[in-house]
Amino acid sequence: MITVLGCVVNEHNIWLVLVAAMVCAFGSWAVICLFERAARTKGMQRAGWHFLTAVAAGAGIWCTHFIAMLAYEPGAPVTFDPVLTILSLLIAIVGTGAGSVFAASGLTRFAPALGGAITGMAIAVMHYTGMMAYRVQGTIGWDMGYLIASIVLSVGLSAAAFHLVMRKSSRGHRYMSASVLLLAIVTLHFTGMTAFQVTPMLIDDGFSNPAAMQALALAVAIVALVIVGAGLASYLIDDSARSESLDRLRHMALNDTLTGLPNRASFADRLDHEIDLASETGGKVVLIGIDLNKFKDVNDLRGHGVGDMMLRVLGERLFGLTKEGEFVARTGGDEFAAVQRYVDQATLEDFLDRLEEALFAPIVGHDFEIIPGASLGVAFYPDNADSREILINNADLAMYRAKANVAHNVCYYDQSMDDVVRARRTLANDLRAAIENNELDVYYQVQTSISTNQIRGFEALLRWKHPEHGFIPPSDFIPLAEENGLILQLGEWVLREACARAASWKPPYKVAVNLSPAQFVHADLTKLIIEVLMATGLPANRLELELTESTIFQDKERSFSVLRQIKALGVNIALDDFGTGYSSLEMLRSFPFDKIKLDRSFISEAEESLQAKSIIRAVLALGKSLDIPILAEGIETEGQLSLLGDEGCDEAQGYLLGRPIPIEQLLETGKISLIEAGAGRQLPRPGQSALVADGDQDQTSRTA
Ligand code: C2E
Ligand code: CA
Ligand code: CA
């Protein structure tokens, strides 16, 4: 037999005391969890959690008290006043509810502790109301010292428990504060029972039946456990729903939504981790930059649905092929990256083989089959780079090399690639300087009617004579200018220069100017053209703009609307390099082009290849039926010219008829002369003078 602060614990009631302790511990844990949830939610949810806190706390605390009461053996028969007993339960529920609401209110910094104190007070009041319901045959006395101590302990410890849980949301804090709350309830009870002294006086017997009392205690314990358990179950369900949605959010933040592969952000993290690991262990990391070949074409020709489907299929294949120490991420639209912890060359080659297999295997839809294909660039850490950025950069360089190389899909980074990049960067700077130093010039190539042999116009072709490297072909520097955003400036300069020159030509031939996609997309092209025409005085119908199908394809809707605006000015629109791009009938039907320029690749093969000849014939027939004149580019021989003449081609352009030459040389040939100064341009009307650039006026007087 043990005596705990006045409570007698013996073999009859030990299990009841244990049950009470369990209900109390379990209840405290539930109260803290539920209260915390209430404090961290809002509105109706918060009210719901408060309700659950109050019910679980009230039931748990009251049941603990009641079971312990039943286990208490005063040595005399016992009974309970029903009204006061029920009242004590209500006090427990309402009191802890009020405490919980106040503690979570955020009214003051001390709200949690004050709310806890209210709860502690409620526990004490519940306990003593319950004691008043306790009827025993004997005289009852109270030790005021213990009584006050019990209230102070209950209030103080409850305040501490609520204060603790509001300080930080962690499992450790929850355990700690549940323990303190448990301590508050237990100490209140035991100190309170020590204050309670019964002197038994047997008035009659058979007043209380211990077996019935124990059965009642068990029933109360079960009800308490059910109530507390229900509260805790709601908490756990909510918790797992919460963590599921958090997991989903985390997945969304770290993975690409289309393919499910890790995205750029998590790729960077994982690559950093691999790099750290390699530097700690002295190992190596292989980074493989992957770029799909012609993905844009798939999107353009088959629509974004098929493009997305292709990415999804590739994503699945790439995800499925990785082994230990490898991962693949989607780092951009049609870009992926693969990482391997380097073991040896054979393992790397095996990885590359698997990647190639996944990237090149056909994708079959219900009415199409696509062979995807990609370019892969390989770089090593630390051999090729000492940081993540440089490693990515070098894998990209190798990947671009692979892209430019028709024979190989995979390229390994080497130092010379840096040199190429450096050379290009220097060239870009030189180009920038060339624009400022007037090193650029426009050459003109004649366009002739095949049937009459008469000149129709001239195509303006940009030339750059580099002070060191001599002439640099436009096929080299135009893409460079496009990459560096210099193309807008260059394009505007060519347009202005060509129009200004052509304005003073006699006879008034047309001038054709090439447009780059960037000019077409970015600049307010219509406005620029109006401004240049007004400034140079060139009539709109003498200007022809040449653009390729791919330029238009980038944004068909917008392109056609811009083209319509330009055409409405009277400017002609020619479709350049026809036959090399999409050559879609749809394109020809959607817009009334003024000319189709058949690409020179067909002409050079026309005399030998039957296939080329039949394509020429087909394009000419198409031109006839759509009523669009066809110009054949790249005529170099008499044979080609007469063949095209026989087939009914309208115009020709090529070295045979005239190479691109500078304006001075063109004037010397006598094919054109200049009209008198100023006559070719309208004098700016008042208010328009701002449109005339100073440089323009100089040029006009120079040409005159
Ligand atoms: P393109 O518009 O197809 O221009 C025709 C190209 O074919 C010119 O090359 C011209 O010199 C060349 N060519 C003409 N006749 C013959 C021939 O009989 N045989 C052969 N083999 N070639 C011939 P170029 O001047 O080197 O220009 C290359 C490309 O650069 C042009 O192709 C055009 O796309 C671009 N380009 C040139 N100037 C400009 C410009 O001012 N702006 C823009 N955006 N692009 C330009
Ligand atoms: Ca052209
Ligand atoms: Ca062309």
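Residues numbered from 1 in each chain as written. Chains lettered and ligands numbered in written order. Predicted model: local features only at pLDDT ≥ 70, side-chain atom pairs only at ≥ 80, totals over all residues. Heavy atoms only, no water.

*Asks:* Can you help me understand the site of ligand 1 in this one?
*Replies:* In the vicinity of ligand 1 lie 21 residues, with Q445, R463, R600, E636 and Y655 positioned nearest. Between ligand 1 and the protein, one listed contact pairs a nitrogen atom with a backbone N or O atom of L462 at 3.1 Å. Between ligand 1 and Y655 there is a distance of 2.8 Å, counted from an oxygen atom to a backbone nitrogen or oxygen. Protein contact buries 83% of the 790 Å² of open area that ligand 1 shows by itself. Elements represented by at least two residues in the shell around ligand 1 include exactly strand 15 (455-466), helix 14 (474-483) and strand 20 (572-578). Per-class residue counts for the shell around ligand 1 are nine nonpolar, five polar and seven charged. (Near = heavy atom within 4 Å. Polar contact = N/O pair within 3.5 Å; in protein donor to acceptor, adjacent residues only side chain to side chain. Areas by Shrake-Rupley, 256 points an atom, 1.4 Å probe, with all protein chains shown as cover. Helix = DSSP H or I, 4+ residues; strand = E, 2+ residues; numbered from the N terminus. Nonpolar A, V, L, I, M, F, W, Y, C, P; charged D, E, K, R; others polar.)

*Asks:* Can you walk me through the coordination of the calcium ion (ligand 3) in this structure?
*Replies:* A four-donor tetrahedral metal ideally has 109.5 degree angles, and a six-donor octahedral metal ideally has angles of 90 or 180 degrees. Within the protein, the atoms that donate to the calcium ion (ligand 3) are D576 (OD), D577 (OD), E633 (OE) and E633 (OE), at distances of 2.2 to 2.5 Å. Sequence spacing of the donor residues for the calcium ion (ligand 3), all on one chain, is D-D-x55-E. Since its relative accessible area comes to 26%, D577 is described here as partly exposed. (Donors = N, O, S within 2.8 Å, 3.2 Å for Na, K, Ca; no water. Buried < 20%, exposed > 50% of the residue type's maximum accessible area, 1.4 Å probe, protein only.)

*Asks:* Would you mind showing me how to read the coordination of the calcium ion (ligand 2) here?
*Replies:* Distances from the calcium ion (ligand 2) to its protein donors, namely E459 (OE), N514 (OD1), E546 (OE) and D576 (OD), fall within the range 2.1 to 2.3 Å. Each donor residue of the calcium ion (ligand 2) belongs to the same chain, and together they define the spacing E-x54-N-x31-E-x29-D. Residue classification places E459 among the buried residues on the basis of a relative accessible area of 4%. A residue is classified by how much of its surface remains accessible, and D576, at 6% relative accessible area, is buried.

*Asks:* How do you make sense of the nonpolar core when you look at a structure like this?
*Replies:* As a rule of thumb, soluble globular proteins bury nonpolar side chains together. Ranked by size, the top nonpolar core spans 82 residues in total, and within it Y444 and L543 carry the most contacts. For L543, the residues in contact, after removing those within four places along its chain, are L495, C499, V511, V513, I529, L533, L538, V571 and N572. Ranked by size, the runner-up nonpolar core spans 53 residues in total, among them I61, I67, A71 and V78. (Core = buried A, V, L, I, M, F, W, Y, C linked by side-chain atoms within 4.5 Å. Contact = heavy atoms within 4.5 Å.)

*Asks:* Honestly, the confidence of the model for the protein in this entry has me stumped. Any pointers?
*Replies:* Low-pLDDT portions of the prediction should not be read for the details of their coordinates. Across the protein, the average pLDDT comes to 87, with 92% of residues at 70 or higher. Considering only residues more than four positions removed or in separate chains, one finds that residues 678-704, a stretch of pLDDT under 50, has 32 contacts. (pLDDT = per-residue confidence, 0-100.)

*Asks:* When you look at the sheet that holds strand 7 (residues 285-292) in this model, what are you seeing that I'm missing?
*Replies:* Pairing between sheet strands relies on hydrogen bonds along the backbone, with the strands arranged either parallel or antiparallel. Spatial ordering of the open sheet is given by 8-9-7-12-13, a layout of five strands whose pairing is mixed. Two strands close off the open sheet at either side, each with one partner strand: strand 8 (326-330) and strand 13 (410-412). When strand polarity is set aside, the average angle formed by the axes of neighbouring strands in this sheet is 20°. Bridge count for strand 12 (residues 374-381) against strand 13 is three bridges, and the pairing is parallel. Paired with G377 across the strands is C411, a residue of strand 13. In the packing of helix 8 (residues 264-281) onto the sheet, the strands contacted are strand 7, strand 8, strand 9 (335-341) and strand 12, and the crossing angle to strand 9 comes to about 20°. (Pairing = 2+ DSSP bridges. Axes fitted to C-alpha atoms, helices over the stretch in contact; angles between N-to-C directions.)

*Asks:* Would you mind showing me how to read the pattern of salt bridges here?
*Replies:* Any two side chains of opposite charge can pair, given that their charged atoms come close. Considering all chains together, one arrives at 29 salt bridges under this definition. Across the pair R37 and D239 runs a salt bridge whose closest N-O atoms are separated by 3.0 Å. In this pair, R37 sits in helix 1 (residues 14-39) while D239 sits in helix 7 (residues 210-254), placing the two residues 202 residues apart along the sequence. The exposure class assigned to D239 is partly exposed, which follows from its relative accessible area of 28%. With a closest N to O distance of 3.0 Å, E531 and R496 form a salt bridge. A residue pair is termed long-range when its members are at least 10 positions apart, and E531 in helix 17 (residues 525-536) and R496 in helix 15 (residues 487-502) qualify at 35 residues. Both residues of the pair, E531 and R496, count as buried. Via salt bridges that share partners, R37, D238, D239 and R242 belong to a single interconnected network. (Salt bridge = Lys/Arg side-chain N within 4 Å of Asp/Glu carboxyl O.)

*Asks:* I would appreciate a short explanation of helix 10 (residues 304-321) in the present structure.
*Replies:* Working note: α-helix, 3.6 residues per turn, so residues spaced by three or four point in the same direction. Under the 1.5 Å per step criterion, the end-to-end length of helix 10 is 26 Å for 18 residues, consistent within 8% with the ideal 26 Å. Three or more residues of helix 10 are buried, namely V306, G307, M310, L311, L314, G315, L318 and L321. (Expected span 1.5 Å × (residues − 1).)

*Asks:* I'm lost on the side chain of S559 in this one. Help?
*Replies:* Counting through the fold element by element, S559 comes out in helix 19 (residues 556-568). Residue S559 is classed as buried on the basis of its relative accessible area of 3%. Looking at S559, its side chain comes within polar contact range of the main-chain oxygen of I552, at 3.0 Å. Not counting residues up to four positions away in its chain, the partners in contact with S559 are F520, T551 and I552.

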